[in-house]
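Inside the fold
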Amino acid sequence: MCIRLPVISIDCKRKERLGILARDGKCLCTGAIKVCDHDYEHLSKGKVIPHGIYDLQANKGYITVGTSGETAEFIFDNLIWWWTEYGIDQYPDAESIVILCDAGGGNSYRHRIFKYMMTRFAKQTGVSLVICHYPPYASKWNPIEHRLFCHLHKAANGVVFDCYQTVMDTFSKTQTSTGLNVVIRLNLKYYQTGQKIDKKEIDYQNISPHPKIPELNYRISA
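Summary of the structure given here.

Calculation rules
- Residues numbered from 1 in each chain as written.
- Predicted model: local features only at pLDDT ≥ 70, side-chain atom pairs only at ≥ 80, totals over all residues.
- Heavy atoms only, no water.
- Core = buried A, V, L, I, M, F, W, Y, C linked by side-chain atoms within 4.5 Å.
- Buried < 20%, exposed > 50% of the residue type's maximum accessible area, 1.4 Å probe, protein only.
- Helix = DSSP H or I, 4+ residues; strand = E, 2+ residues; numbered from the N terminus.
- Contact = heavy atoms within 4.5 Å.
- Expected span 1.5 Å × (residues − 1).
- Phe/Tyr/Trp six-rings, centres within 6.5 Å; stacked < 30°, edge-to-face > 60°.
- Salt bridge = Lys/Arg side-chain N within 4 Å of Asp/Glu carboxyl O.

1. Things to note about the nonpolar core
In terms of nonpolar packing, the biggest core is built from 32 residues, with L79, I97 and I131 touching the most fellow members. Going through the elements one at a time, β1 (7-12), α1 (72-90), β5 (96-101), α2 (112-125), β6 (128-133) and β9 (217-220) are the ones with two or more residues in this core. Residues within four places of L79 in sequence aside, it is in contact with I8, I10, I53, I99, M118 and F121. Of all hydrophobic cores here, the second largest spans 19 residues; its members include I63, V65, L152 and L180.

As structure tokens, this is what we get:
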């Protein structure tokens with residue numbers, strides 16, 4: 001019996017500001033829309049932080065629109081949401097998950113808090129993780145960039161993000177002729193940035209570095 005192993009690619013798309021602010025691109029509309037030609041922070045009504053999970057085998061995207069900050073805890077919550085709501089049903093026999101991600105941002109390989117959150121995920125779900133960070137300046141090879149985010153960008157081209165509902169409706173229209181579709185949710189939880197984790201809080205016994213480039217590739221046992 002062949003057990004399917006989930007392989008997902010994760011990343012945070014470019015952050016946007018919420019409000020009647022000009023955005024690049026063109027879109028169809030019934031009339032002219034008056035917007036501010038600069039997106040200064042004091043003109044915005046909030047943040048739009050789209051974090052994506054792309055399932056390579058299912059060709060399906062899962063987007064969480066955050067309103068606070070891109071942190072390791074934010075990524076953890078998104079992964080828990082994806083696994084409990086969708087992943088566990090699609091891969092009921094999976095004992096591990098392969099995660100492809102960049103080397104920086106909330107999933108930086110340099111930050112202990114990311115490893116802490118991923119060990120927490122493994123313990124909470126009982127599923128081991130194989131983490132593969134792309135080297136610095138190689139993020140363009142991350143599948144989510146050219147299989148999900150490029151289509152998400154086209155769907156939101158020129159759309160004024162006047163409210164979160166508009167953002168959700170716009171992103172939900174993302175689809176391709178090859179069958180790509182996305183699931184969208186809004187996360188209003190506040191995430192504190194700049195949090196640090198002491199080295200003693202991480203269970204390094206459950207982290208097995210790969211022989212080749214161990215700082216970028218490692219396995220976290222459940």
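2. Overview of the side chain of S96
The topology assignment puts S96 in strand β5. A residue is classified by how much of its surface remains accessible, and S96, at 11% relative accessible area, is buried.

3. Some words on α2
When the terminal C-alpha atoms of α2 are compared, their 20 Å separation across 14 residues agrees well with the 20 Å that a helix rising 1.5 Å per residue should span. Those residues of α2 that fall on the buried side of the exposure criterion are I113, F114, K115, M117, M118, T119, F121 and A122. Immediately downstream of α2, the backbone of G126 shows phi near 75 degrees, a positive value.

4. Remarks on the packing of aromatic side chains
Across all of its chains, the model carries six aromatic pairs by this definition. With 6.3 Å between their ring centres and 80 degrees between their planes, Y62 and W81 make a pair best called edge-to-face. Of this pair, Y62 sits in strand β4 (residues 60-66) while W81 sits in helix α1, and the two are 19 residues apart along the sequence. Side by side, Y62 and W81 carry an identical accessibility label, which is buried. Between F74 and Y191 the ring centres are 5.3 Å apart and the planes differ by 55 degrees, which places this aromatic pair in the tilted class. Of this pair, F74 sits in helix α1 while Y191 sits in the loop between β7 (181-187) and β8 (207-209), and the two are 117 residues apart along the sequence. Taken individually, F74 and Y191 each receive the classification buried, so the pair is uniform in this respect. Grouping aromatic residues by their ring pairs yields a cluster made of Y62, W81 and Y86.

5. Considerations on the pattern of salt bridges
Across all of its chains, the model carries five salt bridges by this definition. A salt bridge links K189 to E73, with the nearest nitrogen and oxygen atoms 3.1 Å apart. With a gap of 116 residues between them, K189 in the loop between β7 and β8 and E73 in helix α1 connect regions that are remote in the sequence. As a salt-bridge pair, K189 and D77 come within 3.1 Å of each other at their nearest N and O atoms. Taken together, the positions of K189 in the loop between β7 and β8 and D77 in helix α1 put the pair 112 residues apart, joining distant regions of the chain. A relative accessible area of 17% places D77 in the buried class.

6. Re unusual backbone geometry
Even without being a glycine, N59 presents a positive backbone phi close to 55 degrees. Tracing the backbone through its elements, the reader meets N59 in the loop between β3 (46-55) and β4.

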